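These are the residues of each chain, in order.
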Amino acid sequence: MTVETMVLGPVSANTYIVTDDVSVETAIVDCGECTPELLDRLNGKNVKYILLTHGHADHILGVYDLKQAFPEAKIVIHKKDADCLTNEMMSIAFSIAPHTQKNIEPDITVGEGDVISLGSLDFNVMHTPGHSEGSVCYLIDDLIFSGDTLFFGSVGRTDFEYGNYDDIIKSVKRLAALEGNRKVFPGHGMLTTLERERKNNVYINEGK
């Protein structure tokens, strides 16, 4: 498996390009902007999925254009955030980048425990509400694509509509309870590990 990172969009969100080394199929995790540089990076790749960790604008504003470039790619989002793709009030695009969202319907809506297969890779869906109702993490082997649920030393904001602080604390504690020292690829900022967050993240350790 190969993971490439690009920082894109109006508030510098991470877009991840995940390629299965066996099938050479590719999935994109979040897309805040579909830039020429991203399309160049994807040139020649077999893009099968556009996996969204949640429906906020800084993670979805590039999805429409990316889908036009790769019409066979399936847009995947949790069912509770699916309406964000067609509603700039729900996606908060109206405050981040007003009137720039291009509406598009998802191809697949997922929930807790669902699996998206990419060649030899399985993206396991963990529903991690708190930042939004439909926030998810995608787990593959020892990697976690955590969106805006878990960051290096922090967690996602919960002051947006449909955010919930108690829920995000439960979500990050669930992540911390996973076995092993998984690598965490967050929606913003630098990579981290579960062990680092278990030891140092005050939100994971809240109430201990």
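What comes next concerns the included structure.

The rules behind each value
- Residues numbered from 1 in each chain as written.
- Predicted model: local features only at pLDDT ≥ 70, side-chain atom pairs only at ≥ 80, totals over all residues.
- Heavy atoms only, no water.
- Helix = DSSP H or I, 4+ residues; strand = E, 2+ residues; numbered from the N terminus.
- Rg over C-alpha atoms; globule rule 2.2 N^0.38 Å.
- Contact = heavy atoms within 4.5 Å.
- Areas by Shrake-Rupley, 256 points an atom, 1.4 Å probe, with all protein chains shown as cover.
- Lys, Arg positive; Asp, Glu negative; His and termini not counted.
- Charge placed at Lys NZ, Arg CZ, Asp CG, Glu CD.
- Salt bridge = Lys/Arg side-chain N within 4 Å of Asp/Glu carboxyl O.
- Buried < 20%, exposed > 50% of the residue type's maximum accessible area, 1.4 Å probe, protein only.
- Phe/Tyr/Trp six-rings, centres within 6.5 Å; stacked < 30°, edge-to-face > 60°.
- Lys NZ or Arg CZ within 6 Å of the ring centre and 35° of its normal.
- Pairing = 2+ DSSP bridges.
- Axes fitted to C-alpha atoms, helices over the stretch in contact; angles between N-to-C directions.
- Expected span 1.5 Å × (residues − 1).
- Arc of directions from axis to C-beta.
- Core = buried A, V, L, I, M, F, W, Y, C linked by side-chain atoms within 4.5 Å.

Along the chain, the regular secondary structure elements total six helices and 14 strands. For the chain, the C-alpha radius of gyration of 16 Å lies close to 17 Å, the compact-globule estimate for 208 residues. Seen through its C-alpha atoms, the chain measures out along the principal axes to roughly 50 × 40 × 25 Å. For the chain, contacts bridging at least 24 residues in sequence account for 57% of all contacts bridging at least 6. Element-wise, carbon and sulfur atoms account for 48% of the exposed surface of the chain, whose accessible area totals about 9,100 Å². The chain carries 18 positive and 31 negative side-chain charges, and their two centres are separated by 5 Å.

As a further point, take the pattern of salt bridges. Overall, the coordinates contain nine salt bridges when judged by the stated rule. With a shortest N-O distance of 3.7 Å, glutamate 4 and lysine 45 are connected by a salt bridge. In this pair, glutamate 4 sits in strand E1 (residues 2-8) while lysine 45 sits in the loop between helix H1 (36-42) and strand E4 (46-51), placing the two residues 41 residues apart along the sequence. With relative accessibility at 26%, the residue lysine 45 sits in the partly exposed group. Two residues, glutamate 197 and arginine 196, come together in a salt bridge whose shortest N-O distance is 3.4 Å. Taking relative accessible area as the criterion, glutamate 197 reaches 0% and is therefore assigned buried. The class for arginine 196 is partly exposed, based on a relative accessible area of 27%. Where salt bridges share partners, they join Glu4, Arg41 and Lys45 into one cluster.

Turning our eyes to something else, we now look at the packing of aromatic side chains. Here the structure, examined in full by the defined rule, presents four aromatic pairs. Ring centres of tyrosine 16 and phenylalanine 185 lie 5.5 Å apart, and the angle between their planes is 90 degrees; on these two criteria the pair is classed as edge-to-face. On the criterion of sequence distance, the pair formed by tyrosine 16 in strand E2 (residues 13-19) and phenylalanine 185 in strand E13 (residues 183-186) is long-range, its members being 169 residues apart. Phenylalanine 185 matches tyrosine 16 in its accessibility class, with the two residues each being buried. The aromatic ring of phenylalanine 152 is capped on one face by arginine 196, whose charged end is 3.8 Å from the ring centroid.

Taken together, six strands build an open sheet; the order of strands is E1-E2-E3-E4-E5-E6 and the sheet is mixed. Of all strands in the sheet, those bounded by a partner on one side alone are E1 and strand E6 (108-110). Sheet twist, expressed as the average angle between the axes of neighbouring strands with direction ignored, equals 25 degrees. As judged from the three bridges shared by E4 and strand E5 (residues 74-78), these two strands associate in the parallel manner. Within the sheet, the bridge partner assigned to leucine 51 lies in E5 and is valine 76.

For the rest of this paragraph, the subject is helix H5 (residues 165-176). Here H5 is 12 residues long and its end C-alpha atoms lie 17 Å apart, about the 16 Å a rise of 1.5 Å per residue gives. Buried residues of H5: Ile168, Ile169, Ser171, Val172, Leu175 and Ala176, and no others. When H5 is viewed along its axis, its buried side chains cluster within an angular range of 160 degrees and face the same direction. Looking at H5, the residues exposed on the side facing more than 90 degrees away from the buried face are Asp166 and Lys170. Next to the buried residues of H5 lie strand E8 (121-127), strand E9 (136-140), strand E10 (143-147), strand E11 (150-151), strand E12 (154-155) and helix H6 (194-200).

By size, the foremost hydrophobic cluster in this structure holds 21 residues, and its most contacted members are Leu38, Leu42, Ile50, Leu52, Val63, Leu66 and Ile75. Put simply, the parts of the chain that give this core at least two residues each are E1, H1, E4, helix H3 (63-69) and E5. Residue contacts for leucine 66: discarding those within four places in its chain leaves Ile28, Cys31, Cys34, Leu38, Leu39, Leu42 and Ile50. In terms of nonpolar packing, the next biggest core, distinct from the first, is built from 19 residues, Leu51, Leu118, Phe123 and Ile140 among them.

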